[in-house]
Amino acid sequence: MTVTTAVSPKTPDPVFVDPKQEELILVLDFGGQTAQLIARRVRDQNVFCQLVRHDLTLERIRELNPRGLILSGGPASVYDKGAPQVDPALFQLGIPVLGICYGMHLAWQAFGGVVKPGAKREFGRTSCHVVKDDPLLKGLPSTTTVWMSHGDQADSATKSFVPLMDTPTCPFAAVKHATLPIYGLQFHPEVTHTADGTQLLSNFVKQVCGCHGTWKISSLIEREVTTIRDRVGKSRVICGLSGGVDSSVVAAILYKSIGSQLSCIFVDNGLLRKGEAEKVRDRFQNHFKTDLHVVDASERFLSELDGVTDPQHKRKIIGRVFIEVFRKEAESIQDAHFLAQGTLYPDVIESGANADGPAATIKAHHNVGGLPEELGFELIEPLRDLFKDEVRRMGLELGLTEELVWRHPFPGPGLGVRCLGTLTAERLTKLREADAIVLEELRTAGLYRKIQQAFAVLLPVQSVGVMGDGRTYEEVIAVRAVQTDDFMTADWYPMPHEVLGRISTRIINEVRGVNRVVYDISSKPPSTIEWE
């Protein structure tokens, strides 16, 4: 749980990209579902990449001085009235351009080509053949598998473009402009289903755009440390700790930047996993030796939640009480003018918080709910340019343990939304012990890192059982484990039966009051990952 505020920062964090940025790729977003994924794949080449609005002005593009531009896919058709467009002069800037699907159609159309519905739509894996050598295709086999997802396609040959790859139904699967550094791909190289997609993007970034891959997490840390020191001066910074990777990495980089000027607040709401509070104390009092304020508010949270069963009501109560407890503790810290939070790059994109970013606001960004305006903190967001996997790499660079860095996600309301029905200290203890057994057995079996999220849920039902010579009527634990790339969709994990058996046996034998264990085999959608 990281802390946010409803107040706009008095002095906003500087945009990461600056005039000295030597290697930058911009992805112009036309609404494609995989636009963020393109940026992540480029960053995998150690080249910094930002997702920006599709109608970014030519003046701003020149100011940012990118080495290359990627035009993303999108749901529209370029010939539709009101379809998003780019200034045709963009293709005359002398900056290499790679158009993907819709982006390719824009380039094709800009040079007089015709785009129209194809005779046959292509969705899914397709064999694609190289018909002409080019630096973009360096290292690719003559035939490779690509992922197609289109109904429209370039309709007829034009002197402006030369075909590089084709499929049986798509003669212009990959093209290059005859004289300018402009490329188009009808397929999606950013998805894992395209066998050589990483190589293609690497070739564009390095062979075509001339990038060397100089952007590294270690250099980002040093730059961020300098920025924080210069901005904070001699003031104190407050960081809300949850025990999760985002808030822990924020605290670690702040400690590296300003040392004893950092004060961390950890609110124990009584809804944490087993041993969570002790681990936070050890990590930030003994290892980093920060000024750690631990507030045990577990009794207050449970009192406020007494008798509440509606999950949304639970969330609102937990969020409100957290803010009240955090505010009171923050007011006791002298000379604190800054509040640090773990905003990530997807949060910035989806909330429309970046002036250069995509215009559509997908959701308001609230990590917890918002601190009252009267606190008047300025925000520090050292992770706002990073994706989750980059945050994990930064954590390792800063000395955090692999156990913490690769910890499965844990919801802000904690066990409050995994203990279905009434919340009591007794029921939370049952759930906490069962959850610890699930995670311990997954680690023992070497499965923890193969699963993106796993946990136990205490159900608000009882079932009949037999223990010894007597009948029991006790509660039920559900075990949930999923595999996912983005947490937007997820598949249930096919858990080996012997592991499930050990988990069930241990929970029933070791957790008093539980006599049945079930395994959740529903995918998202239609189900969600969490039960509440």
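One can find the structure itself at the top, above this paragraph.
If you're wondering where the values come from, they're calculated on a predicted model, not measured in any experiment.

> Outline the overall build of the protein, supporting the account with residue identities and numerical values.
Along the protein, the regular secondary structure elements total 14 helices and 18 strands. A separation threshold of at least 6 residues defines the contact pool for the protein, and within that pool the share at least 24 residues apart is 76%. A total accessible area of about 23,200 Å² is found for the protein, and carbon and sulfur atoms account for 49% of it.

> Describe the packing of aromatic side chains, with residues and values.
One pass over the structure, following the stated rule, counts seven aromatic pairs. Taken together, a centroid distance of 5.8 Å and an interplanar angle of 85° make the contact between Phe111 and Phe161 edge-to-face. Of this pair, Phe111 sits in the loop between α3 (102–110) and β5 (115–130) while Phe161 sits in strand β7 (residues 161–167), and the two are 50 residues apart along the sequence. Assigned by exposure class, Phe111 and Phe161 land together as buried. Taken together through their ring pairs, the aromatic side chains of Phe91, Trp108, Phe111, Phe161 and Phe172 make up a single cluster. A cation sits over an aromatic face here: Arg40 above Phe387, 5.9 Å from the ring centre. Sitting over the face of the ring of Phe455, Arg418 holds its NZ or CZ atom 3.8 Å from the ring centroid.

> Talk me through α3; I want residue IDs and the actual numbers.
Among the nine residues in α3, seven count as buried, and that is most of the element. Of all the positions in α3, only Tyr102, Gly103, Met104, His105, Leu106, Ala107 and Trp108 are classed as buried. Directly after α3, the chain includes Gly112, whose backbone phi takes a positive value near 90°.

> Any chance you could break down the packing of helix α13 (residues 425–444) against helix α14 (residues 497–510) for me, citing the residues and the numbers?
Between α13 and α14, the least distance of the axes is 10 Å, while the angle of their chain directions is 150°. Relative to α14, the element α13 lies roughly antiparallel. Between α13 and α14 lies a crossing of right-handed hand. Facing Ala434, Ile437, Val438, Glu440, Glu441 and Leu442 of α13, the residues of α14 in contact are Val499, Arg502, Ile503, Arg506, Ile507 and Glu510. For the contact of α13 with α14, the residue count by class is seven nonpolar, no polar and five charged.

> How would you explain the pairing of strand β13 (residues 336–340) if you had to name every residue and give the values?
A regular strand carries its side chains on alternate faces of the sheet. Taken across its five residues, β13 has four buried, putting it largely inside the fold. The pairing of strand β10 (residues 236–241) with β13 spans four bridges and is classified as parallel. Residue pairing across strands places Arg236 opposite Ala336, the latter belonging to β13. Pairing of β13 with strand β14 (residues 378–380) involves three bridges; the strand directions are parallel.

> With reference to specific residues and values, describe the pattern of salt bridges.
This structure, assessed with the given rule, holds 29 salt bridges. Across the pair Glu378 and Arg231 runs a salt bridge, and its minimum N-O distance is 3.6 Å. Residue Glu378 is located in strand β14, and its partner Arg231 is located in helix α5 (residues 217–232); the two are separated by 147 residues in the primary sequence. According to the relative accessible area criterion, Glu378 is buried, its value standing at 17%. Residue Lys279 pairs with Glu403 through a salt bridge whose shortest N-O separation is 3.3 Å. A residue pair is termed long-range when its members are at least 10 positions apart, and Lys279 in helix α7 (residues 276–287) and Glu403 in helix α12 (residues 402–405) qualify at 124 residues. Several salt bridges converge on common partners, so that one network encompasses Glu440, Glu441, Arg502, Arg506 and Glu510.

> Describe the sheet that holds β13, and please don't skip the residues or the numbers.
Strands sit in the order β12-β11-β10-β13-β14 across an open sheet of five strands; the sheet is parallel. Looking along the sheet, the strands with just one partner apiece sit at the ends: β12 (291–296) and β14. Averaged over all adjacent pairs, the angle separating strand axes in this sheet is 30°, with direction ignored. Across the sheet, helix α6 (residues 245–258) lies against β10, β11 (262–268), β13 and β14, angled at about 160° from β10, the strand it touches most. Against the sheet, helix α9 (residues 311–330) touches β10, β11, β12 and β13, its axis set at about 145° to β11.

Basis of the calculations
Residue positions are counted from 1 within each chain, in the order its sequence is given. Only residues with pLDDT of at least 70 are given local features in this predicted model, and only at 80 or more are side-chain atom pairs given and counted; all residues enter the totals for whole chains, interfaces and linings. The side-chain numbers reported here are obtained from all heavy atoms of the structure, hydrogens and water having been left aside. Secondary structure elements follow DSSP: runs of H or I of four or more residues count as helices, runs of E of two or more count as strands, with numbering from the N terminus. Whether two residues are in contact is decided by their heavy atoms, any of which lying within 4.5 Å being enough. Reported accessibility uses the Shrake-Rupley method at a 1.4 Å probe radius. Residues are deemed covered only where the shown protein chains occlude them. Centres within 6.5 Å make a pair out of two Phe, Tyr or Trp rings, where for Trp the six-membered ring is used; the pair is then stacked when the planes are under 30 degrees apart, edge-to-face when over 60, and tilted otherwise. Only protein chains enter the calculation, and the probe is 1.4 Å; a residue is then buried if its accessible area is under 20% of its type maximum, exposed if over 50%, and partly exposed in between. Only Lys NZ and Arg CZ are tested; either one counts as a charge over a ring when it is within 6 Å of the ring centre and within 35 degrees of the ring normal. Angles shown run from 0 to 180 degrees and are taken between the N-to-C directions of axes, each axis being a line fitted to C-alpha atoms and, for helices, limited to the stretch in contact. Put simply, angles under 35 degrees are roughly parallel, angles over 145 are roughly antiparallel, angles from 65 to 115 are roughly perpendicular, and the rest are oblique. Crossing handedness follows the turn of the near helix against the far one: under a right angle anticlockwise gives a left-handed crossing, and clockwise gives a right-handed one. When residues are sorted by character, Ala, Val, Leu, Ile, Met, Phe, Trp, Tyr, Cys and Pro go into the nonpolar class, Asp, Glu, Lys and Arg into the charged class, and all the rest, Gly among them, into the polar class. Any two strands between which DSSP finds at least two bridges are classified as paired. The term salt bridge refers to a side-chain nitrogen of Lys or Arg lying within 4 Å of a carboxyl oxygen of Asp or Glu.

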